[in-house]
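What follows is each chain in one-letter form.
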Amino acid sequence: MVTRTRFDDSECPVARSVDAIGDWWSLLIVRDAFDGSRRFGEFQRSLGVAKNILTARLRALVAGGVLESVPASDGSAYREYVLTPKGEALFPVIVALRQWGEQNFFAPGEPHSQLVDRRQGQDLRPLEVLSADGRPLAPADTTVHKVSAQ
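The structure contained in this document is the topic of the report that follows. (Residues numbered from 1 in each chain as written. Predicted model: local features only at pLDDT ≥ 70, side-chain atom pairs only at ≥ 80, totals over all residues. Heavy atoms only, no water.)

1. Here we look at the pairing of strand β2 (residues 79-83)
Put simply, the test is: When a residue's accessible area, from a 1.4 Å probe over protein chains only, is under 20% of the maximum for its type it is buried; when over 50% it is exposed; and in between it is partly exposed. A run of H or I in DSSP counts as a helix once it spans at least four residues, and a run of E counts as a strand once it spans at least two, with each numbered from the N terminus. Pairs of strands are assigned from DSSP output, requiring at least two bridges between the strands.
Among the five residues that make up β2, four are buried, leaving the element largely enclosed by the rest of the structure. With five bridges connecting them, strand β1 (residues 67-71) and β2 associate as antiparallel partners. Among the inter-strand pairings, Glu-68 is bridged to a residue of β2, identified as Val-82.

Below you can see the structure in the form of structure tokens.
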């Protein structure tokens, strides 16, 4: 069996983030949690993922502090999964992936899901990376600096 490369001690924040999320199933679970899924069965129906894979991903997301397992809101014996503040902080990542997907993987007029502002019912503005003074930044406008231990 091939062991998975771990990046939890990497100096790169992208590598550590990818290590914490794990794989595409985990991001889709987080997406569904933002869309209101809370129970194992809801995630399983939405994703069509095998139960053993879903179980492993939910456990990893709970262990990583992205989701929390709580008693069911209806008082039943079931457990529900809710986003923690760490999980909610993934919202811009999910929005960025959604907008990138809309721009690059759908033909004009092709049906797809769309995220809209609940209050106004309007499309979201495209996400932008901005400098501290508000200027839009492109990849060529940035550089990586190492932060030394304190």
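Moving on from the model shown.
2. A short note on the layout of surface pockets
Operational definition: Residues are called lining when one of their atoms sits within 4 Å of a cavity or pocket point, these points coming from a 1 Å grid over the protein atoms alone, where a cavity is a set in which a 1.4 Å probe fits but cannot get out and a pocket is an open set with protein on both sides within 12 Å along at least five of seven lines. Grid points are joined across faces, edges and corners, and a volume is the space filled by probe spheres set on the points. Nonpolar residues are Ala, Val, Leu, Ile, Met, Phe, Trp, Tyr, Cys and Pro. Charged residues are Asp, Glu, Lys and Arg, and all others, Gly as well, are polar.
Space inside the largest pocket adds up to approximately 400 Å³. For the largest pocket, the lining is made up of 16 residues, of which Leu-28, Arg-31, Ile-94, Leu-97 and Arg-98 are closest to its centre. Secondary structure elements with two or more residues in the lining of the largest pocket: α2 (24-34) and α6 (91-104). Ranked by residues supplied to the lining of the largest pocket, first place goes to α6 with six residues. Across the lining of the largest pocket, the residue classes break down as eight nonpolar, three polar and five charged. If you go around the second largest pocket, you meet 13 residues; those closest to its centre are Asp-35, Phe-91, Leu-115, Val-116 and Arg-118. Counting only elements with at least two residues in the lining of the second largest pocket, the list comes to α2 and α6.

3. Some remarks on the packing of α2 against α6
Where we set the bar: Orientation is described by lines fitted to C-alpha atoms, with helices fitted over the stretch in contact, and by angles between N-to-C directions that extend from 0 to 180 degrees. Any angle from 65 to 115 degrees is called roughly perpendicular, while one under 35 is roughly parallel, one over 145 is roughly antiparallel, and all others are oblique. The contact criterion used is simple: two residues touch if any of their non-hydrogen atoms lie within 4.5 Å.
With their axes 10 Å apart at the nearest point, α2 and α6 run at an angle of 105° to one another. Our classification of the angle between α2 and α6 gives roughly perpendicular. When α2 is examined against α6, the residues Leu-27, Val-30, Arg-31 and Phe-34 are found in contact with a partner set consisting of Phe-91, Ile-94 and Leu-97.

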